[in-house]
There are 2 protein chains.
Amino acid sequence: MSIKHNIVLFLSFLGFISCLEVRSQEHPSLILTQSGVEKIRKELGNVPLFDATLKKVKAEVDAEIALGIETPIPKDFSGGYTHEKHKRNFLIMQKAGVLFQILKDETYAVYIRNMLFQYEAMYKDLPVHPQTRSYARGKLFWQCLNDSNWLVYTSQAYDCIYDWLSKKERKKLEKNLFKPFADFISVENPQFFNRVHNHSTWGNAAVGMIGLVMQDDELIERALYGLQDDGLPVGAKDNDGGLIREEGQQTGFLANIDEPFSPDGYYTEGPYYQRYAMYPFLVFAEALQNVRPDLKIFEHKKGVLLKSVNALLNLTDADGKFFPLNDGQKGMSYYSRELVTAVDIAYYYGGLNPQLLSIAEKQNGVLLDDSGLAVALAVRDGKSKPFEKKSINLTDGSDGKQGGVGVLRADNEELTLVFKYAAQGLSHGHYDKLSFSMYNQGNEVIQDYGLARFVNIEQKGGGNYLKENKTWAKQSIAHNTVIQNESSHYNGKYEIGSKHHSSLNFIDISKEDFQIISAKEENAYAGTLLLRTLVMLKNSKAQKPLVLDVMKVVSNQKNQYDFPFYFKGQVIETNFDYTTYNTMQTLGEKYGYQHLWLEAKGKPVSEVSQFSFLNNEVFYTISTATNANDELLFTRIGANDPEFNLRRDAGYMIRRNAQNTVFASVIEPHGGYSHVSEFSVDAKTHIQNLKVIYDDEDYTAINIVFTGGDEKVLIIANKNTGKLKEHNLIINDKVFNWKGPYHYSIIK
Amino acid sequence: MSIKHNIVLFLSFLGFISCLEVRSQEHPSLILTQSGVEKIRKELGNVPLFDATLKKVKAEVDAEIALGIETPIPKDFSGGYTHEKHKRNFLIMQKAGVLFQILKDETYAVYIRNMLFQYEAMYKDLPVHPQTRSYARGKLFWQCLNDSNWLVYTSQAYDCIYDWLSKKERKKLEKNLFKPFADFISVENPQFFNRVHNHSTWGNAAVGMIGLVMQDDELIERALYGLQDDGLPVGAKDNDGGLIREEGQQTGFLANIDEPFSPDGYYTEGPYYQRYAMYPFLVFAEALQNVRPDLKIFEHKKGVLLKSVNALLNLTDADGKFFPLNDGQKGMSYYSRELVTAVDIAYYYGGLNPQLLSIAEKQNGVLLDDSGLAVALAVRDGKSKPFEKKSINLTDGSDGKQGGVGVLRADNEELTLVFKYAAQGLSHGHYDKLSFSMYNQGNEVIQDYGLARFVNIEQKGGGNYLKENKTWAKQSIAHNTVIQNESSHYNGKYEIGSKHHSSLNFIDISKEDFQIISAKEENAYAGTLLLRTLVMLKNSKAQKPLVLDVMKVVSNQKNQYDFPFYFKGQVIETNFDYTTYNTMQTLGEKYGYQHLWLEAKGKPVSEVSQFSFLNNEVFYTISTATNANDELLFTRIGANDPEFNLRRDAGYMIRRNAQNTVFASVIEPHGGYSHVSEFSVDAKTHIQNLKVIYDDEDYTAINIVFTGGDEKVLIIANKNTGKLKEHNLIINDKVFNWKGPYHYSIIK
């Protein structure tokens, strides 16, 4: 407490200094500029996308103004009345500010001023929020995070009416509301403000943006570089179990760019949180670009903020929905307001990439600022080009050396494979090393479960993370990867997981008909190496692309390995027998196993075990090379779920007892079924056999026999993966010579 | 056998006679006419919808011709190779015939001729199909039904090349192929041909259409009026358990119109089979209209065939998918080829209703005949109007006096309620008396399970009905209705069910803001009366419409009543406690109960038990007036399902032990949730309380308290439901006077 106090005193002193040397600055200056506003006003009525957005926003704000102003005493969790009301207030104030600038109608300025003074009157004596769950309770909201949201938006509204307010009004607001507000979410909550985390990004942006409006350099410095002496102990944790402080941690906005973003623009928490953080990242960057162009924020770390928009747009399915890696709520997409911001700013400040315009067209709305105008003008002028999503490999880690995420795509997103071999992903990370998911257009075929939470639905645990997020969603068994001895990777411990990361073995996505990615994980289970290679290939022009999945496991002891596929769809057939149960038991007791019902169990009857299902009118077959002693399980999520927080989704799983082994599978879309024509086409697998024909420290080789007799071999170099490295290997008396990390050929 | 033989001899003799008095008749004459073809050829290139269809059909047929002709020896069930090949053959032949007529390109005629002669060569010595499951095995297919499909389509192809063939060729085809084919599916299979059933409709049309082409009056008579002496025993059954012959049964095409269609055009088997039967009904009718206009087939039974198209289009959700009443496969819709036929023919022969044109536009294709041309011309000329779906009540039974199906709709199909109080529906009927389902646009909210079958997917039981269709899908517990003592309506016996039907108590759908339908069932359980009243009402302009459901049960003994709601979506909250289980047991042993897992069980804690769920971004709450001893169960479909034939869908169920009782519920959509904005709006129920305040033989009254305090009362007349009948009733010292079968008013 005494340290905090000292910081406050010290910073107040600094603030005093900065007041003395106040620059004269135009307003608005954050997302709107005076010249920008003039340009917008001149074009009004001639820019369909901008005009339509303006009309929509005006209708929304007018309706809200008609309801009157209400600033209730804070009480609820997200989803609850007071939470949603304060959230609505800041969203509407920001829009009203923009409307005031563009339409020059004082109604909007009056509305903002009156609301701000209601907040000013309330804030002085406001205690911390009564809900105690957060590690950093806010005042208006249950967590500082949402208070920061409020300030990021409200500072924009204040910026828009700054000149319109009297000096006295400004002084009163700044003294009683904005300054204490900024201090509360920073110096009084360093455990929130002074981290590398999406929470802190919001906090940094909030403090920085109000600092920019108030021309308070101390706040700006604090935002950019963090608190210098926060008194936080190394190893402190938040209420989600995330680490607050590591040794030697840099903090502040720039550190929040430097660290969680890889040089490719991948954000280590995953796309769902990247989307969430995108708004403060970009809107504060835009404001800095306008007020402090000397900082060259968009060039920071080789332009990573703009690259991150491209990365994020590439982490979506064909419908624009983000892959739910780590804690991600399904359904979130590039239609969200944060992505409208991201796309418009990336277009305007990032070289006017015409492919971004097609996303803006789909979003059917723009920012009501200089960047939005630029987008709307370009769309009007027919400059838009389709956004082309190709296969992509995104490194993780601030230096790009902590694994990554690979996305393989074929046939115009008819098949998309997402392969995660990244770092832990901070507190929102899952124990899902080398896991994958698969899509057909916007449709999940092999799913990643996502999170266990109903964001903002108050009835479901206050809209917060549910306990099943930890007991199920984060656990390894909830993912399509190997689980050893029914425990989770790193024993499900964040401290261990965050010390390690998987790493790329090799990748070649240069040929659409044969794309390959290979990565390894050496620490998920002590003494065990996992090496997974995924191939997306087209066996013939006439057929759909298929996936070849080779998971090599090497251990210093015998283990039980579980290898699940969380397929979506209707079971069509298997080439093995199984028995279902008249009473259902759970599959295990912990590490997520307690949430799985065992629906059926079978045994292989041939070298390859095959299971077909129908998903959204397409047939899929998973063919796996199995041993006679393997077990084939059908599971169902939902056991030990006393409040129906989990979806009752299906799983298919190979269970094997072994020391070193290879799980080799083909995941194959084929044919289709129409519920309207009732035609069933190409409903059977094209895989006749699948065998691991070679496996040692250096090489793993798979033989695939297609129906009709075609036979192919894939050889993977487990080491020595240089592109120019020459290999030769004899398998069953046949000599293979090749260059580079893999070999694929017809052998019959 | 000897009877059949005699019939064949006798009919051959008749055939001989009719050959002597052959009329000269133009060809084509079934779906195309010479003058029609001329008109089509004149308009080619100027009718976008027709031209586009022609182009698509030409491409399809050309591709098939390029593959060459193959007529494999029949072997497989539906979904299997030989089945699908022969099916494809007849579909393509029909299209090739049309192309020959329109394009005058002999390639198509040659293709048809060559294929027909391959069939001719094969048919002579073809034994019955090797698969033995059907009660009426075909030759090309496993059942006569599919052989009849073949002839319905092939006769059109033959019609198109009739004049182009030599007399000798025609004679050979008719003698060796068409005549024996027609005899095989009729006189040699009277148990198939001589019924009232969709199977027979296909058989009748097949025989009739080839008869029209061949100018064989005997075949035409046989088609229209059936076989006079078929030797079928009363009470015979087919392999689906359907009754083949009732006492005094009329047969033939006209009987198949007269009996299963109600005067409103509802087809007693339900919309899925009506769709299937629509093609032979309408295409044969069109052919009769062209060749035998004297029959005035479209005026038969007051124009019921044309009315039936309107009925069928009204039995769809907002996406055009048919309600899966009885045996119906979900996903089938008015986009099917049968409905293209139905819509075009109904337009052309049924008074040029411009609303049908908007369906044709959605179908994005037309018949390549006179009717299709008329539709395409009208669409081109901008005559299309939206098809307006309103609330509708369709009677069942040939006389319209065997109950019916009511569809209540509000807010432009945002809420649709389907209430089934019909007759058994022949062999495809379910034991689902007074059951209902509910939709929001094209989205199921409270579902009807539909059938347990994967039509034409060979791997799933040959694409045929699965045993779970009988053990689950047909049983009462699979439906949203009352189940007494864990048995099914009529004990699940077709013989009993087909003797009875539910009946309308009253209906008033004249006001969109308050629609009501009430029906009763007296025979589902001996000694028990069921009377269900469903209301769709709008409580305020601002809110979504809601459903009030009042199921009254009167019995001569104490029973256990189960009252399920098969909701789709995620459990959000309940106002009662429940416990889930760590081991799951089935709910019962028979009548479908063996297929339900018991997931959780609870007890009411207040007068009204409330359960909320989220479905497709809309919240729903089911509020039910409960007693302290009621049990509230959550169930999951899928137990005792050894081949994963059933969907793992959820149920919520009230279980009550009582003699006479009322299940009164409000099913209420409210608010919504967006996965993109993450706003949760109006997530809580508006129902504060719900009570049955009066219930006797004459009246049942429900009191509803809305949050905020509004209180309303609904009084239902259980008898004396005349529109002008005056009622007065005292409830809790309050006097109610009203006229007509129901009363609804504000009481506070």
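Calculation criteria
- Residues numbered from 1 in each chain as written.
- Chains lettered and ligands numbered in written order.
- Predicted model: local features only at pLDDT ≥ 70, side-chain atom pairs only at ≥ 80, totals over all residues.
- Heavy atoms only, no water.
- Helix = DSSP H or I, 4+ residues; strand = E, 2+ residues; numbered from the N terminus.
- Rg over C-alpha atoms; globule rule 2.2 N^0.38 Å.
- Buried < 20%, exposed > 50% of the residue type's maximum accessible area, 1.4 Å probe, protein only.
- Contact = heavy atoms within 4.5 Å.
- Areas by Shrake-Rupley, 256 points an atom, 1.4 Å probe, with all protein chains shown as cover.
- Lys, Arg positive; Asp, Glu negative; His and termini not counted.
- Charge placed at Lys NZ, Arg CZ, Asp CG, Glu CD.
- Patch = residues over 30% accessible without salt bridge, like charges linked within 9 Å, V, L, I, M, F, W, Y side chains within 5 Å.
- Salt bridge = Lys/Arg side-chain N within 4 Å of Asp/Glu carboxyl O.
- Pairing = 2+ DSSP bridges.
- Axes fitted to C-alpha atoms, helices over the stretch in contact; angles between N-to-C directions.
- Buried area = accessible area lost by both parts, 1.4 Å probe.
- Polar contact = N/O pair within 3.5 Å; in protein donor to acceptor, adjacent residues only side chain to side chain.
- Least-squares fit on C-alpha atoms with pLDDT ≥ 70 in both.
- Parallel < 35°, antiparallel > 145°, perpendicular 65-115°, else oblique.
- Left-handed = near helix turned anticlockwise from the far one by under 90°.
- Nonpolar A, V, L, I, M, F, W, Y, C, P; charged D, E, K, R; others polar.
- Domains from an automatic or database assignment.
- Phe/Tyr/Trp six-rings, centres within 6.5 Å; stacked < 30°, edge-to-face > 60°.
- Arc of directions from axis to C-beta.

Caption draft 1: Quick look at the overall build of chain A. Tallying secondary structure elements over chain A gives 18 helices and 27 strands in all. Expected size for 748 residues packed as a compact globule is a radius of gyration near 27 Å; at 28 Å, chain A falls within 12% of this value. Principal-axis analysis of the C-alpha atoms places the extent of chain A at approximately 90 × 60 × 55 Å. Burial status across chain A gives 65% buried among its 748 residues. Long-range contacts, defined here as pairs at least 24 residues apart, represent 67% of the contacts in chain A between residues at least 6 apart. Carbon together with sulfur atoms contributes 50% to the accessible area of chain A, which is approximately 26000 Å² in total. Both charge centroids of chain A, one from 82 positive and one from 90 negative side chains, sit 1 Å from each other.

Caption draft 2: Molecular detail of a positive patch on the surface. Residue and element names in this part refer to chain A. A contiguous patch of positive charge on the surface is contributed by Lys-124, Lys-167, Lys-168, Lys-171, Lys-172 and Lys-175. If you trace the backbone, Lys-172 turns up in helix H7 (residues 167-185). Among the residues examined, Lys-172 registers a relative accessible area of 42% and is labelled partly exposed.

Caption draft 3: Geometry of the sheet that holds strand S1 (residues 392-395) of chain A. Residue and element names in this part refer to chain A. With antiparallel pairing, 5 strands are arranged side by side in an open sheet as S1-S2-S3-S4-S5. Strand pairing shows two members of the sheet lacking a second neighbour, S1 and strand S5 (443-446), which therefore form its edges. This sheet shows a mean twist of 20° between the axes of neighbouring strands, independent of strand direction.

Caption draft 4: Seen up close, the interface of chain B and chain A. Contacts between the two partners involve 58 residues from chain B, matched on the other side by 58 residues from chain A. Carbon and sulfur atoms supply 54% of the area buried between chain B and chain A, which totals about 4700 Å² over both sides. Looking at the side of chain B facing chain A, the largest losses of area belong to B:Gln459, B:Phe644 and B:Glu678, adding up to 16% of the total buried there. Taken together, the connections running from chain B to chain A amount to 2 salt bridges. The salt bridge partner of B:Arg648 is A:Glu599, with a shortest N-O separation of 3.1 Å. At the surface where chain B touches chain A, the tally comes to 19 residue pairs in polar contact (both at pLDDT 80 or more).

Caption draft 5: Region of the structure containing the relation of the copies chain B and chain A. Mapping chain B onto chain A is achieved by rotating through 180° and translating by 0.0 Å along the same axis, at an RMSD of 0.0 Å. The relationship between the two copies is best expressed as a two-fold rotation axis. Residue B:Met584 of chain B places its C-alpha closer to the rotation axis than any other residue of that unit, at 2.4 Å. Comparing interface residues between copies, 100% of those in chain B also lie at the interface in chain A; the contact surface is shared.

Caption draft 6: How the structure looks around the environment of B:Gln34. All names here are of chain B. In this fold, Gln-34 is placed in helix H2 (residues 34-43). On a C-alpha basis, the gap between Gln-34 and Gln-101 in space is 8.9 Å, while along the polypeptide they are 67 residues apart. Leaving out residues up to four positions away in the same chain, Gln-34 has contacts with Glu-26, His-27, Pro-28 and Asp-163.

Caption draft 7: Fine view of the packing of helix H13 (residues 300-314) of chain A against helix H14 (residues 337-349) of chain A. Residues and elements named next belong to chain A. Axis separation between H13 and H14 bottoms out at 9 Å; the angle between their running directions is 130°. The angle between H13 and H14 falls in the class oblique. Note that H13 runs across H14; the crossing there is left-handed. On H14, the residues touching Leu-306, Val-309, Leu-312 and Leu-313 of H13 are Leu-339, Ala-342, Val-343, Ile-345, Ala-346 and Tyr-349. Broken down by class, the residue content of the contact of H13 with H14 amounts to 10 nonpolar, no polar and no charged.

Caption draft 8: Looking closely at the domain arrangement of chain A. One can read the domain layout of chain A as domain 1 (1-28), domain 2 (29-380) and domain 3 (392-746). For domain 1 of chain A and domain 3 of chain A, the distance between their C-alpha centroids amounts to 54 Å.

Caption draft 9: Summary view of the environment of A:Ile730. Residues and elements named next belong to chain A. Looking at the secondary structure, you find Ile-730 in strand S25 (residues 726-731). Looking at Ile-730, the relative accessible area reads 55%, which means it is exposed. Residues Ile-730 and Asn-480, spaced 250 residues apart in sequence, show a C-alpha to C-alpha distance of 33 Å. The residues contacting Ile-730, other than those within four sequence positions of it, are Tyr-694 and Val-735.

Caption draft 10: Local environment of the pattern of salt bridges. All names here are of chain A. Under the counting rule described, the total for this entry stands at 82 salt bridges over all chains. In this structure, Asp-183 engages Lys-179 in a salt bridge whose closest nitrogen and oxygen atoms are separated by 3.2 Å. With Asp-183 and Lys-179 both in helix H7 and 4 residues apart, the pair spans about one turn of that helix. Summarising the burial analysis for this pair, Asp-183 and Lys-179 share the class buried. With a closest N to O distance of 2.8 Å, Asp-183 and Arg-222 form a salt bridge. Taken together, the residues span a long stretch of sequence, with Asp-183 in helix H7 and Arg-222 in helix H10 (residues 217-225) at a distance of 39 residues. Accessibility expressed as a relative area gives 11% for Asp-183, which makes it buried. According to the relative accessible area criterion, Arg-222 is buried, its value standing at 3%. The structure contains a network of salt bridges with shared partners spanning Glu-60, Glu-64, Lys-85, Arg-88 and Lys-95.

Caption draft 11: The arrangement of the sheet that holds strand S13 (residues 577-580) of chain A in detail. Residues and elements named next belong to chain A. One open sheet accounts for 6 strands, arranged S6-S11-S18-S17-S14-S13; its pairing is antiparallel. The open sheet has two edge strands with one neighbour each: strand S6 (483-484) and S13. In terms of strand pairing, strand S17 (residues 631-637) meets strand S18 (residues 650-658) through 6 bridges, oriented antiparallel. From the neighbouring strand, Arg-636 faces S18, where its bridge partner is Ala-650.

Caption draft 12: Local environment of the packing of aromatic side chains. All names here are of chain A. One pass over the full model with this rule turns up 92 aromatic pairs over all chains. Note on Phe-90 and Phe-141: the rings are 6.2 Å apart at their centroids and 70° apart in plane angle, and the pair reads as edge-to-face. With a gap of 51 residues between them, Phe-90 in helix H4 (residues 81-103) and Phe-141 in the loop between helix H5 (106-123) and helix H6 (144-161) connect regions that are remote in the sequence. With a relative accessible area of 1%, Phe-141 lands in the buried category.

Caption draft 13: Quick peek at the pairing of strand S26 (residues 734-739) of chain A. All names here are of chain A. Bridge analysis of S25 against S26 gives 6 bridges, and the strand direction is antiparallel. Within the sheet, the bridge partner assigned to His-727 lies in S26 and is Trp-738. The hairpin turn running from S25 into S26, its antiparallel successor, is 2 residues long, and Asn-732 in that turn takes a positive phi close to 45°.

Caption draft 14: Geometry of the pairing of strand S8 (residues 514-521) of chain A. Residue and element names in this part refer to chain A. Buried residues dominate S8, accounting for 7 of its 8 residues. Here strand S7 (residues 503-511) runs beside S8; their pairing, made up of 6 bridges, is antiparallel. Each residue of the ladder has a partner; that of Lys-511, found in S8, is Phe-514. The antiparallel pairing of S7 with S8 creates a hairpin that spans 2 residues between the two strands.

Caption draft 15: Quick peek at helix H2 (residues 34-43) of chain A. All names here are of chain A. What H2 keeps buried is the set Gly-36, Val-37 and Ile-40. For H2, the arc enclosing every buried residue in end-on projection is 100°, short of the 170-degree limit, so these residues lie on one face. Along H2, exposed side chains directed more than 90 degrees from the buried face belong to Ser-35, Glu-38 and Lys-42. Contacts made by the buried residues of H2 are with helix H3 (48-67), H4 and helix H16 (370-380). Immediately downstream of H2, the backbone of Gly-45 shows phi near 95°, a positive value.

Caption draft 16: Molecular detail of the side chain of B:Asn204. All names here are of chain B. Mapped onto the elements of the fold, Asn-204 is located in helix H9 (residues 198-214). Owing to a relative accessible area of 0%, Asn-204 belongs among the buried residues under this scheme. Within the structure, Asn-204 has its side chain in polar contact with the backbone oxygen of Phe-193 (distance 3.4 Å). Among all residues touching Asn-204, those that are not within four sequence positions of it are Phe-193, Ala-223, Gly-252, Phe-253, Asn-256 and Phe-284.

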